[in-house]
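Read off the chains here:
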Amino acid sequence: MAFGKGLPQRCSGKGATGLVLAVLLATLAGADAQPDPVYDLVIVHGRVMDPETNTDRVANVGIRGGKIVAISEQPLTGARTIDAGGLAVAPGFIDIHSHAQYAFGYDQQARDGVTTSLELEEGVYPVAPFYAVREGRTRINFGASVGVQSIRVKIKTGMNAEQGTDAPFSQWNRILPRKSEWAEQKLTADEAKRERAMFADGFAAGGLGLGLLYEYLPGAGRDEIFDLMREAGRLHAPVFVHARAGLRADTDSLLAPIQELVADAAASGAPVHICHIGSKGLGAVGPILEMIDGARSHGVDVTTEVYPYDAGSTAIGSALFNDGWQEHLGATYRNIEWPPTGERLTAETFAKYRKESPGTAVFEHVIPDASVTLAVAHPGVIIASDAIPYVDGKGHPRGSGTFARVLGVYVRQRHALSLMAALDKMTLLPARRLEGISPVMHHKGRVQVGADADLTLFDPATVLDQASYRDPTKPSRGIPYVIVGGVPVVDHGEIVKAAFPGKGIKSARS
């Protein structure tokens, strides 16, 4: 028996016997030794669902270095194994419309299956501090557009909006009482030129396009907005818009603001995304979706989104509640709810709270349930939460339950759409909306070899939102594991306190 070139060719006596025994023992010991794990994390027995390829099969997933490197029906070995029997293994949910960009907000969204949370409607300015303060401190991925509102605040008041992770929106209690300066005044020609330059600078710093709260800026004329759209078109930057209000809550009036945005998109070349079509479309959601579909069929890059609730929410001191709001919303004071107490407002209490606490968000119970269902089920409509920060445990439940609600209520209970169609709206569609300016999004919204290991594991039979208007922070159920960059951030349904794998999502210009 030859054991190797380093051994003597001739052996005899006790020395030879001892050497043979030593080699045999070493060989046996080596046979018992465990090899190094091939993967950092293995998910076994899960129902792998990938909207892009329409894959829907039971398989094992191997993760290494934050990437999916294997999807196989063969056994896989890893440093840790998660048994996903009975669970769907889906791409992590991507929320392109969340104002809850702070620690508790991220955790609430993580427990709802979100792995990437983006502030694209309002945006921020300046951009760099928003990213800097979150690097290494955030559980899920994050990002923001360049915000016209914050640019106008800077131009008109000299103030910077806060970018911290622990005091969300507290600046609006300072800024809203001065809204006539930044929201309701028209910019001079020099100020408008500066506004466009600040947007371009913010985009170069990593901002994910332009965020435009049109309805909150009554001083912004159509010329100002179209010039911003043209600058966005020049930069190939998407524009995320809260459309201005219609004069009345009828179909004719509600179509006009959407027609304006479709026209701006067609004339400027800017990709345009219209936010929360349920609250902007009210009873005219059907005709609006037909308009958007028609524009897209003729090459206009316009998309929209919806949250699965029949009430909107915004600050009581905002321009949305300027004179005429009842006609715009088709509402009365009784449609407005004050979350701190749950009371429906009167003319007297509305005036009192608007003066004393302008930054507090109220609920507007004005969205027809049929419109919500239509938008949730309509092909091409993205699911997005419009999450807002919670104050003393009060706020809209959409920041805690949007994605589980779609899966539990609209897929399982109402059969409004299939499970794969719902996942498409939560993962692949939002990823594709940003791929043009942020190449990293090509690797998100998918369960494929080479994709980022951002995954949500949920039970299709039990997943459901539990947050309500009275108890808005109650976490969703049926989502036991959420993984960001290969790192579990929700484990057995609980937040992993020491895990901060979230990364900033930026434009390619940065």
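You'll find the structure just up there.
Structural notes, computed from the coordinates. (Residues numbered from 1 in each chain as written. Predicted model: local features only at pLDDT ≥ 70, side-chain atom pairs only at ≥ 80, totals over all residues. Heavy atoms only, no water.)

**Re the overall build of the chain**
Inference 1: Looking only at helices and strands, the chain features 16 helices and 21 strands.
Inference 2: Relative to its 510 residues, the chain shows a buried fraction of 58%.
Inference 3: Of the roughly 20000 Å² of accessible surface on the chain, 54% is carried by carbon and sulfur atoms. (Helix = DSSP H or I, 4+ residues; strand = E, 2+ residues; numbered from the N terminus. Buried < 20%, exposed > 50% of the residue type's maximum accessible area, 1.4 Å probe, protein only. Areas by Shrake-Rupley, 256 points an atom, 1.4 Å probe, with all protein chains shown as cover.)

**A look at the environment of G233**
Inference 1: Of note, G233 is situated in helix α8 (residues 222-235).
Inference 2: When the C-alpha positions of G233 and A267 are compared, they lie 9.3 Å apart, and in sequence the two are 34 residues distant.
Inference 3: Every residue in contact with G233, bar those within four places of it in the chain, is listed here: S268, G269 and A270. (Contact = heavy atoms within 4.5 Å.)

**Here's the deal with the packing of helix α15 (residues 398-413) against helix α16 (residues 419-434)**
Inference 1: Interhelical geometry of α15 versus α16 gives an angle of 155° and a closest axis separation of 10 Å. One way to sum up the angle between α15 and α16 is to call them roughly antiparallel. Handedness of the crossing formed by α15 with α16: right-handed. Of the residues in α16, those touching α15 at F403, V406, L407 and V411 are L419, A422, L423 and M426. (Axes fitted to C-alpha atoms, helices over the stretch in contact; angles between N-to-C directions. Parallel < 35°, antiparallel > 145°, perpendicular 65-115°, else oblique. Left-handed = near helix turned anticlockwise from the far one by under 90°.)

**Focus on the pattern of salt bridges**
Inference 1: Counting across every chain of the model gives 26 salt bridges.
Inference 2: As a salt-bridge pair, R470 and E337 come within 2.7 Å of each other at their nearest N and O atoms. Placement of R470 in the loop between β18 (455-458) and β19 (481-484) and of E337 in strand β14 (residues 336-338) is noted, with a sequence separation of 133 residues between them.
Inference 3: Owing to a relative accessible area of 3%, E337 belongs among the buried residues under this scheme.
Inference 4: By sharing partners, the salt bridges in this structure join E52, R432, E435 and R446 into a single network. (Salt bridge = Lys/Arg side-chain N within 4 Å of Asp/Glu carboxyl O.)

**Looking at the packing of helix α4 (residues 148-157) against helix α7 (residues 189-204)**
Inference 1: Running from amino to carboxyl end, α4 crosses α7 at an angle of 130°, the nearest separation of the two axes being 10 Å. The angle between the axes of α4 and α7 places the two elements in the oblique class. Here α4 runs over α7; the crossing is right-handed. Where α4 abuts α7, its residues V148, I151, R152, K154, I155 and K156 lie against E191, R194, E195, M198 and F199.
Inference 2: Tallied by class, residues from the contact of α4 with α7 come to five nonpolar, no polar and six charged. (Nonpolar A, V, L, I, M, F, W, Y, C, P; charged D, E, K, R; others polar.)

**Notes on the sheet that holds strand β13 (residues 312-315)**
Inference 1: The strand order across the open sheet built from four strands is β13-β16-β14-β15, with neighbouring strands paired in antiparallel fashion. Whereas interior strands pair on both sides, the edge strands pair on one side only; in this sheet they are β13 and β15 (343-344).
Inference 2: Pairing geometry for β14 and strand β16 (residues 361-364), over two bridges, is antiparallel. The residue bridging E337 from the neighbouring strand is F363, located in β16. (Pairing = 2+ DSSP bridges.)

**Points about the nonpolar core**
Inference 1: Ranked by size, the top nonpolar core spans 126 residues in total, and within it F199, V239, V272, L407 and F458 carry the most contacts.
Inference 2: In terms of residue count, the dominant contributor to this core is α16 (eight residues).
Inference 3: Setting aside its immediate chain neighbours within four residues, L407 contacts F93, R412, L419, A422, L423, M426, F458 and V463.
Inference 4: One finds L41, I82, L87 and L455 within the second-largest nonpolar core, a separate group that totals 18 residues. (Core = buried A, V, L, I, M, F, W, Y, C linked by side-chain atoms within 4.5 Å.)

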